Amino acid sequence: MSVSRSDAESWAAHAPGVDVRAELVRDGSLPGRWRRRWSERPAWPQLRDVDGTWITSEELEARTRAYAGSLLQAGLAPGDRWLLCGSTSAALVIAYIGALRAGLIVAPVNPAYTEPEVARIVADARPAGAAIESMEIAGWVRAATGREIQVHGLEARVGIDERVDGARGEDPALLLYTSGTTGRPKGALLTHGNLLASATAVGLAWRWETGDRLLLALPLFHAHGLGVGLHGTLCAGAAVALRERFDPADVAERCASGEYSMFFGVPTMYTRLEEPRRLGELAGLRLLVSGSAPLPAALAERIAAHAGQIPLERYGMTETIMLTSNLYDGPRKPGTVGIPLPGVELRLADDGEVQVRGPNVIAGYWERPEANAESFTDDGWFRTGDLGELDEDGSLTLVGRSKELIISGGFNVYPREVEEAIGTHPAVREVTVVGLRSERWGEEVTAFVVSGGPVPERELLDHAAQRLTAYKVPKRVEFVESLPRNALGKIVRAELARRASGGRE
Ligand code: MLC
Ligand code: AMP
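Residues numbered from 1 in each chain as written. Chains lettered and ligands numbered in written order. Predicted model: local features only at pLDDT ≥ 70, side-chain atom pairs only at ≥ 80, totals over all residues. Heavy atoms only, no water.

### As for the packing of helix α8 (residues 192-205) against helix α9 (residues 223-236)
Here α8 crosses α9 at 80°, and the two axes come no closer than 9 Å. For the element pair α8 / α9, the angle class is roughly perpendicular. Side by side, α8 and α9 meet where Leu195, Leu196, Ala199 and Val202 of the first sit next to Gly227, Val228, His231, Gly232 and Cys235 of the second. In terms of residue class, the contact of α8 with α9 is made up of 6 nonpolar, 3 polar and no charged. (Axes fitted to C-alpha atoms, helices over the stretch in contact; angles between N-to-C directions. Helix = DSSP H or I, 4+ residues; strand = E, 2+ residues; numbered from the N terminus. Parallel < 35°, antiparallel > 145°, perpendicular 65-115°, else oblique. Contact = heavy atoms within 4.5 Å. Nonpolar A, V, L, I, M, F, W, Y, C, P; charged D, E, K, R; others polar.)

Written out as structure tokens, the structure is:
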């Protein structure tokens, strides 16, 4: 077992002179912190909608309070699960904050999901209500619940209820679904305290100030866009401009306008900015951040050559939000993900697995005792499933994963879920899914199929696309005579990857 720097040492390195221990969960809950920020600067333009209009802090406070009141008046109760699904917009953010202020547990859903993906989340979360932009998805949710629940759109809602803002630090706020070793999704149950601690830690470490403006083109249904981009902004009392989707020309133009100070992206976004040679337009920003997937050192250097800084690379997970970060004041070491953020303790098990503990780490998954037993050690540390090494400064380098996970363009894809979808095609006798190295996506979802008869690749891909959202659909299918197995009969994925790359892996 080896331990990174002691938590006191890493706090002092990230946030010199700050009494971090007191700061991390100050104000108790997310709305508690946000209300303090809103009251400090009511006229502050805080949230920029996708059409360019700004919403001030006091407007945000009033609209989200009214939204929360109406949910409670309509019969929803604190602790109820509540689905939220829509494209990125201020209306989506207002609904989200409103639900948190009502004490509901919000389960965000990717609006690109297919019906079976939505149905699996509904079955697991058993929501009491939902706000859903698309009529089609609303219909899927109604059909999957099998009982009457309140499903409405993303329009403004108005009500008054004295129970608004009753949530405390230990109360659950978010149910963020990740997949797992089975195709069945697993909900990471994050409390207000978990989310507040993580947003505060990155705020301190990255010197997030009220004057900062973040350009946010990450989706709001995952930890990066939601737990870091949106929560970080609101906790720091800063400003954020929402983009409905990531478009390199749009991002470059807006960064070049001088209106923004920060941009957060997954490595694929930086690659996309490089292809049309637009990285130089990020040069005026105070802070570029990269995460969710490994940032290749060569790409980091090229970004630095054009944009004037190596993106600050950090490492996190749905279950913990942020864990480590390179130091804001440097040196930013390409290839490493830095030292533990304030509050986070990190150790490496004898097999190299990264294990963590801290106020940001979930207490467990929603109704999954067996997953909880597997994911925590007997002495209470969370097992990340990532493999790491520590250098002499306590800085972490991720060297692999013990979990079967593919990260494609920053989105997680669990092979098992894709295998189950393809395996339902009658011509498929056996299938294994692996991630092959790719310039464009980091890792590319690839299916190896033993077929029981002739079947075109296109047909299998269409079959998968009816069951899975686009990023999970394999980029290609390789037909093989048989799948390589070890002595225990387990399929050796690494061998398939090696064969597909002509032995270069
Ligand atoms: C889109 N496609 C993908 C893909 N994204 N395929 C594989 N992997 C992906 N990540 C598909 C599209 O559906 C489309 O399919 C085709 O590729 C081309 O689409 P595109 O328009 O070029 O892609 P785009 O829609 O612009 O998406 C690219 C992207 C997006 C990089 C903007 O993938 C993205 O937003 N990634 C970020 C994900 C994220 O937020 N991760 C954080 C998780 S939290 P077709 O079939 O229609 O042609 C986490 C914790 C942490 O990991 O540490 O942060
Ligand atoms: P998710 O479950 O979507 O939250 O994804 C979490 C996983 O993303 C982690 O367990 C890591 O494997 C990976 N990840 C996040 N940040 C980084 C990073 N900077 N470098 C490498 N992998 C990362």
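### Thoughts on the pairing of strand β19 (residues 382-390)
In terms of strand pairing, strand β18 (residues 353-357) meets β19 through 3 bridges, oriented antiparallel. The partner of Val356 across the bridge, within β19, is Phe382. Note: β19 against strand β20 (residues 396-401), 5 bridges, orientation antiparallel. Bridge pairing in β20 links Glu389 to Thr397. Connecting β19 to the next strand, β20, in antiparallel fashion are 5 residues, including Gly394 with a positive phi near 85°. (Pairing = 2+ DSSP bridges.)

### Examining the site of ligand 2
Around ligand 2 sit 16 residues in total, of which Arg314, Thr318, Asp386, Lys403 and Asn412 are the nearest. Taking Glu313, its side chain carries an N or O atom lying 3.0 Å from a nitrogen atom of ligand 2. In the environment of ligand 2, an oxygen atom lies 2.7 Å from a nitrogen or oxygen atom belonging to the side chain of Asn412. Coverage of ligand 2 by the protein amounts to 92% of the 500 Å² it exposes when considered alone. Of all elements in the fold, only β14 (312-317) and β20 reach the threshold of two or more residues within the shell around ligand 2. With 5 residues, β14 is the single largest residue contributor to the shell around ligand 2. Of the residues assigned to the shell around ligand 2, the class counts are 7 nonpolar, 4 polar and 5 charged. (Near = heavy atom within 4 Å. Polar contact = N/O pair within 3.5 Å; in protein donor to acceptor, adjacent residues only side chain to side chain. Areas by Shrake-Rupley, 256 points an atom, 1.4 Å probe, with all protein chains shown as cover.)

### Let's talk about the nonpolar core
Residues Trp82, Leu84, Tyr96, Trp206, Trp208, Phe263 and Phe264 are the most contacted members of the largest nonpolar core, which totals 107 residues. With 9 residues, helix α5 (residues 90-101) is the single largest residue contributor to this core. In contact with Trp208, not counting residues within four places along its chain, are Val202, Gly203, Leu214, Val228, Gly229, Gly232, Thr233, Ala236, Ala238, Met262, Phe264 and Arg286. Core analysis: the next-biggest nonpolar cluster, separate from the first, contains 42 residues, Val141, Tyr177, Val418 and Leu468 among them. (Core = buried A, V, L, I, M, F, W, Y, C linked by side-chain atoms within 4.5 Å. Buried < 20%, exposed > 50% of the residue type's maximum accessible area, 1.4 Å probe, protein only.)

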